[in-house]
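Given next are the chains, with one letter for each unit.
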Amino acid sequence: FLIIFKIYKNNLNLFSKIFGFTIIFLILVFFLSFYKSLQNFKSPNNLFNEITNNFSFESANISTERTESLPLKTILYIGESTSIMNMSLYGYYRNTTPYLEKLSIKDGFIKFSHLLSTHTHTSPSLLKALSISYTPEIPDDSFYKIKRVKLVDVLNNVGVFTSWLSNQNQTGTWNYASNILSKNSKDLIWSVGSSYLFPNSISKLKKPYDHEFFLEYKNIIEQHNNSLTILHSLAGHGHYLKYIP
């Protein structure tokens, strides 16, 4: 900046001075825009680190105890962006859930009604649904400030084997929750990894169908009798023709 300023001050005419001021102005605009972009790039990182610390089992300083020794194999299927308004199991006029309806007539099937999500968006909903509160809750407008312990950490601590299979992206601003919640799973597998410079753009990459991806790792589900396996699906999202055969 000083070099350009000295050049126009000592050697150039009025037209050149105006041109010089224009160049200086454009350079300043460029660097201000670059600085703002850099801050925007760092901001999600800072938020991610803050949430990670708030959901840390170690910092919670709590104790856990398992009082029941019976083995239990649990499979949790996460169907994001899915509403009962489009499920025939709940009265929708199209036959969209034939397999669930076959299961529903069997003993032991529990059909829940009148349930509400903890939030309108995926990440906050997952963060609450798959964690446990150990402190008084603070107002919802400070959601990302709440302190909780992840279900995965609690189960690991009492000897329950945890697995997380995700047919979604490992990184990107839309995947905070799953990345944080799954972190300490004993088996952790993603259909799309993290080795990309622009993680949000990898949502455009082709992914396998859910059933193909999960069946590929069927052995993980079967190998432990005392376990929780979380299947993080993609099929609940649009465009449906792209994700459901």
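For the structure, check the block above.
Residues numbered from 1 in each chain as written. Predicted model: local features only at pLDDT ≥ 70, side-chain atom pairs only at ≥ 80, totals over all residues. Heavy atoms only, no water.

1. Description of the overall build of the protein chain
The helix and strand inventory of the protein chain stands at ten helices and six strands. Considering only intrachain contacts with a sequence separation of at least 6, the fraction spanning at least 24 residues in the protein chain is 62%. Entry remark: accessible area of the protein chain is about 16700 Å², with carbon and sulfur atoms responsible for 61%. (Helix = DSSP H or I, 4+ residues; strand = E, 2+ residues; numbered from the N terminus. Contact = heavy atoms within 4.5 Å. Areas by Shrake-Rupley, 256 points an atom, 1.4 Å probe, with all protein chains shown as cover.)

2. What to know about a nonpolar patch on the surface
A cluster of nonpolar side chains, namely F25, L26 and V29, defines an oily patch on the protein surface of about 290 Å² accessible area. By relative accessible area, which is 53% here, F25 ends up exposed. (Patch = residues over 30% accessible without salt bridge, like charges linked within 9 Å, V, L, I, M, F, W, Y side chains within 5 Å. Salt bridge = Lys/Arg side-chain N within 4 Å of Asp/Glu carboxyl O. Buried < 20%, exposed > 50% of the residue type's maximum accessible area, 1.4 Å probe, protein only.)

3. Here we look at unusual backbone geometry
Positive phi, normally seen in glycine, also occurs at N61, with a value near 55 degrees. Structurally, N61 is set in the loop between α3 (57–60) and β1 (73–78). For H114, which is not glycine, the phi dihedral falls at a positive 60 degrees. Relative to the helices and strands, H114 resides in the loop between α4 (98–104) and α5 (122–129).

4. Overview of the sheet that holds strand β4 (residues 161–169)
If you walk across this open sheet you meet the four strands as β1-β6-β4-β5, and the pairing is parallel. Looking along the sheet, the strands with just one partner apiece sit at the ends: β1 and β5 (187–192). For this sheet, the mean angle separating the axes of adjacent strands, direction not counted, is 10 degrees. Where β4 meets strand β6 (residues 227–232), six bridges bridge the pair, whose relative direction is parallel. (Pairing = 2+ DSSP bridges. Axes fitted to C-alpha atoms, helices over the stretch in contact; angles between N-to-C directions.)

Scope: geometric values only; no functional claims are made or implied.
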